[in-house]
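# Architecture and fold: a report
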Amino acid sequence: MLTCAIVLLVVAAGLAAPWLTANSPLDQDLLQINKGPSVDFPLGTDHLGRDVFARLLYGARSTLGISLAGTAIAFAIGAGLGLLALTFGRWPAAVLFTLIDLVRALPGTLLALLLIVGLGTGPGPLILALGISFAPLVAYVTRATYQREAARDYVQAAASFCGGRLHILRRHILPNIAGVLVTQAAIILPRCIVTESVLSFLGVGSSPDAPTWGRMIADSSRFVERAPHAILVPLVSLVLLTLSLSAIGTYLRRHLDPVRGETDGPPEDETQLADLARPSLASA
C-alpha cells in the first residue's frame, strides 16, 4: 500500500503540475541562484535560479512519460514479434531470436547510448532507444512462458482439434501468460526510469533545458556544496519511485506468475533469463 501510494503520488503530481505551481520550470532568475526553500520557492532554486519544485513536478511527467513509452515499445518488439515468431514455426523464431542475441551482446545502457548517438537527442530517439534496449529481456521472458504453456495438455488438445495457430495463441496461450507479461512490465519500467535518468545525466537524453530528474541531478551535481537541496530532491524522488515500482513488480510476480512466484528472490536478471530461454540453433 505504501509503494502504491508513492507511485500514485508521483503520477498525480506530474499530471497536476500546472495547478500545483505557478512557476515555470524553465524561467530563470539570476538574482535567486542556489537559494534555499522559501515561500516563493518551496524547495529552493538551482544554479540558474529556476524553481526546483516546479522542475520536480514537470520532471515527473517527463520521466514517467518517456519511461512508459519506452516500456511499451519494448513489449511491442519483444512480446509482439516474439509471440508471432514462436507461433509461426521454428525458423521464424530462430531468425528473430538470433537477431535479439546480437542486440543483447551490448549492455542495455551502452546500447541506448549508441542508438541516441546515431538517432539524435530528443524524446523520440530516447524512447526508441529505451524500447530497443529492453526488448531482448521481454523477448526471452515471452519465449520461456510461451514454451511452458505450449507444452501443456490443453494446448495439445486444442491443436489436435485442428485449432489454428493464431486461434490457439489468442484463445489459450495469451490469456495464461498475460500475468507474466504484466509482471515484466512492472519490472522493466523502473529500469527504464533509471536508464533514462542516467542518459539525461550524461547529457545525451532529452534536450538540455528539459526538466527531467536525471537532468536536474546532472545540473546540480556541480553545486552540491552550495545548494544540496537542488540535487537531493530529485535524487530522493528517483530512488523512492524506482524502489516502489520494483516492490510492486515483485508483488505482482508472486501473485500473477504461480511458477516463479513460489520463490521470494529478486526478479531474474538478463543473464538468468538468457540461460532460461536460450535459442537452440542446432535443433532449428
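Reference entry: report on the structure contained in this document. (Residues numbered from 1 in each chain as written. Predicted model: local features only at pLDDT ≥ 70, side-chain atom pairs only at ≥ 80, totals over all residues. Heavy atoms only, no water.)

### Some details on the packing of helix α4 (residues 90-104) against helix α6 (residues 123-150)
Here α4 crosses α6 at 135°, and the two axes come no closer than 9 Å. By the angle class used here, α4 and α6 are oblique. In terms of crossing hand, the pair formed by α4 and α6 is left-handed. Contacts from Phe 97, Ile 100, Asp 101, Val 103 and Arg 104 in α4 reach Ile 132, Pro 136, Ala 139, Tyr 140 and Arg 143 in α6. (Axes fitted to C-alpha atoms, helices over the stretch in contact; angles between N-to-C directions. Helix = DSSP H or I, 4+ residues; strand = E, 2+ residues; numbered from the N terminus. Parallel < 35°, antiparallel > 145°, perpendicular 65-115°, else oblique. Left-handed = near helix turned anticlockwise from the far one by under 90°. Contact = heavy atoms within 4.5 Å.)

### Let's talk about helix α5 (residues 108-119)
With twelve residues, α5 extends 16 Å from end C-alpha to end C-alpha; this agrees with the ideal 16 Å at 1.5 Å per step. Taken together, the buried positions of α5 are occupied by Leu 111, Ala 112 and Ile 116. In a view along the axis of α5, the buried residues occupy a sector of 135°, so they form one face of it. Facing away from the buried side of α5 by more than 90 degrees, the exposed set consists of Val 117 and Gly 118. Looking one or two residues beyond α5, the residue adopting positive phi is Gly 120, at roughly 105°. (Expected span 1.5 Å × (residues − 1). Buried < 20%, exposed > 50% of the residue type's maximum accessible area, 1.4 Å probe, protein only. Arc of directions from axis to C-beta.)

### Concerning α4
With 15 residues, α4 should cover 21 Å at 1.5 Å per step; its first-to-last C-alpha distance of 20 Å lies within 8% of that length. Taken together, the buried positions of α4 are Ala 93, Ala 94, Leu 96, Phe 97 and Ile 100. Looking at the buried positions of α4, the neighbouring elements they touch are α3 (52-87) and α6.

### Regarding the nonpolar core
Ranked by size, the top nonpolar core spans 35 residues in total, and within it Phe 97, Tyr 146, Ile 173 and Ile 188 carry the most contacts. When contributions to this core are tallied by element, the ones reaching two or more residues are α3, α4, α5, α6, α7 (153-160) and α8 (165-202). The biggest single contributor to this core is α6, with eleven residues. The next biggest cluster of nonpolar side chains, apart from the first, holds 19 residues, and it includes Val 10, Met 216, Ile 231 and Leu 238. (Core = buried A, V, L, I, M, F, W, Y, C linked by side-chain atoms within 4.5 Å.)

### Considerations on empty space enclosed by the protein
Applying the stated criterion across every chain yields a total of three cavities of 30 Å³ or more. If you add up the space inside the largest cavity, you get close to 50 Å³. Looking at the largest cavity, the residues that line it are Asp 46, Arg 50, Val 52, Arg 55, Met 216, Asp 219 and Ser 220. Looking at the lining of the largest cavity, the elements with two or more residues in it are α3 and α9 (213-220). Here the lining of the largest cavity gets three residues from one element, more than from any other, and that element is α9. Of the residues contributing to the lining of the largest cavity, the split by class is two nonpolar, one polar and four charged. (1 Å grid on protein atoms, 1.4 Å probe; cavity = no way out; pocket = protein on both sides within 12 Å on 5 of 7 lines; lining within 4 Å. Points joined across faces, edges and corners; volume = space filled by probe spheres on them. Nonpolar A, V, L, I, M, F, W, Y, C, P; charged D, E, K, R; others polar.)

### Observations regarding the pattern of salt bridges
Under the definition given, this model contains two salt bridges. For Asp 46, the salt bridge identified is with Arg 50, shortest N-O distance 2.9 Å. Looking at Asp 46, the relative accessible area reads 5%, which means it is buried. Ionic pairing is found between Arg 50 and Asp 219, a salt bridge with its closest N-O pair at 3.7 Å. Separated by 169 residues along the polypeptide, Arg 50 in the loop between α2 (17-20) and α3 and Asp 219 in helix α9 bring together distant segments of the chain. Looking at Asp 219, the relative accessible area reads 16%, which means it is buried. The network of salt bridges with common partners includes Asp 46, Arg 50 and Asp 219. (Salt bridge = Lys/Arg side-chain N within 4 Å of Asp/Glu carboxyl O.)

### Concerning the packing of α5 against α6
Running from amino to carboxyl end, α5 crosses α6 at an angle of 145°, the nearest separation of the two axes being 9 Å. In the packing of α5 onto α6, the handedness of the crossing is right-handed. From α5, Gly 108, Leu 111, Ala 112, Leu 115, Ile 116 and Leu 119 reach across to α6, where they touch Pro 125, Leu 126, Leu 128, Ala 129, Ile 132 and Ser 133. Tallied by class, the residues present in the contact of α5 with α6 amount to ten nonpolar, two polar and no charged.

### A few points about unusual backbone geometry
Located in the positive-phi region is Asn 34, a residue other than glycine, with phi close to 55°. With respect to the helices and strands, the residue Asn 34 is situated in the loop between α2 and α3.

### Regarding the layout of surface pockets
Space inside the second largest pocket adds up to approximately 220 Å³. Surrounding the second largest pocket, Ile 6, Leu 9, Val 10, Ala 13, Phe 53, Leu 56, Leu 57, Ala 60, Trp 213, Ser 237 and Leu 240 form its lining. Of all elements in the fold, only α1 (2-15), α3 and α10 (228-256) reach the threshold of two or more residues within the lining of the second largest pocket. Looking at side-chain class alone, the lining of the second largest pocket contains ten nonpolar, one polar and no charged residues.

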